[in-house]
Amino acid sequence: MISTQWISIPNGAGTQTDAYLALPNGGKGPGLLLFQEIFGVNSHIRAVAEQYAQAGYVVLVPDMFWAQVPRVELTYAGDDLAKAYLLMDGCNQDALAADIKAYAAALRAREDIVSARIGAVGYCMGGRMAYFAAAHADTAAAVCYYGGRIQNYLELAPNINGALQFHYGAKDSMIPLSAVDAVRAAHPNADVNVFDADHGFNCWERASFNPAAARVAFAMSAEFLAQHL
């Protein structure tokens, strides 16, 4: 049986950030950073954390919007959608990189992880954060689901030593296939997958949810993480 709780961890600014922790049955396992969509650490992201904990991982989900609106939880339409974009655009990239380094250090310091080799998984904005974790926090494996704007940070590619897996949707109007091609060219050894799906296809609370793509992508992610962690 998994267990969950909110904890406080150091951030890159030298203060504390809330984070959602999901522990696997037995209380120990490989460490996994899980990064939120632009909608905060909401019920869906917490459920995804629990999904990975059920697969045996110690999952840490930091609140990436702590500096703007701590513990914000948003839905996927209307005013909440507009607010989510404002929060994403209000993030400072250097501060995010510093936070990610701190969060990786906090995860590695935990006594319930079985190795210093940690992984990262992220969705939407969190896909870009997982990519940053690979570049700035030396993750052994990173899985990026429809990570927006990764193509704008490919200068980080030489800094990445760990394995990479990318999941994209061919129908995603926010991430053109030209961006996917740029990512593939910058990371020729990465596992790049394109599904017949839209942005957000993994989120069962969104209209764009694609059960078949989500099921296959999760199976691929689980196998990839098991191989490298």
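Located above this text is the structure these notes cover.
Everything in this summary refers to the structure shown in the same document.

### A short note on the nonpolar core
Of all hydrophobic cores here, the largest spans 84 residues; its most connected members are Tyr-52, Val-59, Tyr-131, Tyr-145 and Phe-166. A per-element tally of this core places helix H4 (residues 125–136) first, with eight residues. Among all residues touching Tyr-131, those that are not within four sequence positions of it are Cys-144, Ile-150, Tyr-153, Leu-154, Leu-156, Ala-157, Ile-160, Leu-164, Phe-166 and His-187.

### Observations regarding the state of the cysteines
This model, assessed by the stated rule, comprises zero disulfides. Left unpaired, Cys-91 is separated from the closest cysteine sulfur, that of Cys-124, by 12 Å. What makes Cys-91 buried here is its relative accessible area of 13%. Left unpaired, Cys-203 is separated from the closest cysteine sulfur, that of Cys-124, by 9.8 Å.

### Some thoughts on the pairing of strand S2 (residues 16–23)
Extensive coverage of S2 is indicated by the burial of six of its eight residues. Judged from the eight bridges that link them, strand S1 (residues 3–10) and S2 form a sheet pairing that is antiparallel. Along S2, the bridge assignment pairs Pro-10 with Gln-16. Here S1 folds back onto S2, and the loop between the two strands holds five residues, one of which, Gly-14, carries a positive phi near 85°. Examined bridge by bridge, S2 and strand S4 (residues 58–62) share four bridges and lie antiparallel to one another. Residue pairing across strands places Tyr-20 opposite Val-61, the latter belonging to S4.

The rules behind each value
Residues numbered from 1 in each chain as written. Predicted model: local features only at pLDDT ≥ 70, side-chain atom pairs only at ≥ 80, totals over all residues. Heavy atoms only, no water. Core = buried A, V, L, I, M, F, W, Y, C linked by side-chain atoms within 4.5 Å. Buried < 20%, exposed > 50% of the residue type's maximum accessible area, 1.4 Å probe, protein only. Helix = DSSP H or I, 4+ residues; strand = E, 2+ residues; numbered from the N terminus. Contact = heavy atoms within 4.5 Å. Disulfide = S-S within 2.5 Å. Pairing = 2+ DSSP bridges.

The quantities given are spatial measurements derived from coordinates; they are silent on function.
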